[in-house]
Amino acid sequence: MNYYSLNKKAPNTTFDNAVIKGLAPDKGLYFPESITPLPKSFFDNIDNLSNSEIAFEAIKQFVSPEIPKAILKTIVEETLSFDFPVVKLNDNISTLELFHGPTMAFKDVGARFMARCLGYFNKDNTNEVTVLVATSGDTGGAVANGFLGVKGVNVVILYPSGKVSDIQEKQLTTLGQNIKALEVNGTFDDCQAMVKEAFLDESLTSKMQLTSANSINVARWLPQLFYFMFAYKQLHNKYDDIVFSVPSGNFGNVCAGMMAQKLGLPIKHFVASNNENNVVTRYLQSELYEPKPSVQTISNAMDVGAPSNFIRIQEIYKNNFKELKNNVSSYSFSDDETREAMLEIYNEFNYVADPHGAVGYLGCKSHLENNPNAHCVFLETAHPTKFLDVVEEVIKKEQPLPEQIQSVMGKEKEATLISTYEDLKSFLLGK
């Protein structure tokens, strides 16, 4: 499979080069040249397939021939070494739990898949690759865990000071080895802007090989389409009209769901559920795309004012606004509404949701107002104890810490404080 830049001013390239480079030379995101739908028989017989078999069939066209099938099967099996259960709340709403991996966030899948791909590409390479990644919360921990100890790969994670939860910060600042954390005096958008500037700085890239592990990287983004297929397998015999409500920040997850749909997954609609960072909600109302500085909320992983992956969504729909609007709705919710939803989910269903899942739940409720026969699945993207202060304050009940969380709590944070791009550049060059 070859990939082209969405800025259309760079040569097309192979999967391995797209992964290693992260961004195209013209600053564009990479997108696959073609999407070949899977046969209808694949979905008709999905009950007979394991998660690894589903994922292998879904992803192989995007990574071949750069990754041989036998290697790809191993990568997929190692990536998916945990469960993805759907939990029914009532006849109209379920949640897809994506927090059963090592860092208890949905990004474990993409980070583990990408780390294994990069490890394979780098196995005979004597040159080191530096993975440079900005995080609004969960990406940092997932990338740190996924790449820990990978040969020839150094990881540098930028995160906004005071704007991630204590547990999220521990997960990305305590591992050591080839993982370095930079605490940025600013917002996630500032972190993301620094990362993008680094990729475009020839005085830096001429001295070191940089790649990204944000969802701008195709190997981080594409595996997220697996979740939607796993949920469909669990639900398709029960419901005809399955809708996914996706808590949306950088829009990689909902974009990956749309890729699953392009592969033939029989899903009729998506809901992009926003917190108060609602650039896409406003776009679908006005057809005006106007990124704005992000604002801080209790669902911090969605605090993104300029979502990188939205350009991929526009590409999927060939910039046809009407077609896009027919397939996705978007709603925006405040912190107060999010807290009320968390309490409602707990009181009515005895289920503890994190703030991001609660935003997804609100998206379900909004969609169901005009589509009462649908079954809406919201993505529970992170374990609620990763946002312990918010969750316990809302539901007024102490939550036990899972083993994955307990393992980092006693460790000491190691991070370097930076404020400007020049600080980042100096750090990367070892000055």
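Residues numbered from 1 in each chain as written. Predicted model: local features only at pLDDT ≥ 70, side-chain atom pairs only at ≥ 80, totals over all residues. Heavy atoms only, no water.

Note the following rule: UniProt positions are given in the numbering used here, feature names are shortened, and annotations may be inferred rather than shown by experiment.
As named in an unreviewed UniProt entry, the chain is Threonine synthase, taken from Pseudotamlana haliotis. In UniProt, the chain has this text filed under Sequence similarities (unreviewed entry): "Belongs to the threonine synthase family."

What to know about the UniProt feature "domain: Tryptophan synthase beta chain-like PALP" (unreviewed entry) in the chain
In plain terms, the rule: Note on conventions: DSSP H or I runs of at least 4 residues are helices, E runs of at least 2 residues are strands, and numbering of each starts at the N terminus.
UniProt tags residues 97-371 as "domain: Tryptophan synthase beta chain-like PALP" (unreviewed entry). The straight-line gap between the two end C-alpha atoms of residues 97-371 is 23 Å; of that span, 47% is helix and 15% is strand.

With respect to unusual backbone geometry
For clarity, the threshold we go by: Type-normalised accessible area, obtained with a 1.4 Å probe on protein chains alone, sets the label of each residue: buried when under 20%, exposed when over 50%, and partly exposed for intermediate values.
Here Ser64 and Pro65 are connected by a cis peptide whose omega angle stands at 0 degrees. At Lys318, a residue that is not glycine, the phi angle is positive and equals roughly 50 degrees. Here Lys318 lies in the loop between α14 (310-316) and α15 (321-327). Under the relative-accessibility criterion, Lys318 is labelled exposed at 59%. One non-glycine residue with positive phi stands out, namely Asn350, at about 55 degrees. Within the secondary structure, Asn350 sits in the loop between α16 (335-349) and α17 (355-370). Under the relative-accessibility criterion, Asn350 is labelled exposed at 62%.

Digging into the sheet that holds strand β11 (residues 269-274)
Put simply, the test is: Strand pairing is defined by DSSP finding a minimum of two bridges between the two strands. Under this scheme, a helix contributes an axis fitted over its contacting stretch, all axes are lines through C-alpha atoms, and angles between N-to-C directions fall in the 0 to 180 degree range. Contacts are assigned to residue pairs that have any heavy atoms within 4.5 Å of one another.
Here six strands make up an open sheet; going across it, the order is β4-β5-β13-β10-β11-β12 and the pairing mixed. Two strands in the sheet have a free side with no partner beyond their single neighbour: β4 (86-88) and β12 (328-332). Going across the sheet, the axis of each strand differs from the next one's by a mean of 25 degrees, ignoring polarity. Where strand β10 (residues 242-247) lies against β11, five bridges are found, and the strand directions are parallel. Pairing of Val246 across the sheet is with Ala272, part of β11. Sitting on the sheet, α17 is in contact with β5 (93-97), β10, β11, β12 and β13 (375-380), with an inclination near 165 degrees to β13.

Let's talk about the side chain of Ser5
Rules: In protein, a polar contact requires one atom able to donate a hydrogen and another able to accept it; more generally it is a pair of N or O atoms within 3.5 Å, and residues adjacent in sequence count only if both atoms are side-chain atoms.
With respect to the helices and strands, Ser5 occurs in strand β1 (residues 2-5). Engagement of the side chain of Ser5 in a polar contact is seen with the side chain of Asp26, the distance being 2.6 Å. Apart from residues lying up to four places away in sequence, Ser5 is in contact with Ala10, Ala24, Asp26, Gly28, Leu29 and Tyr30.

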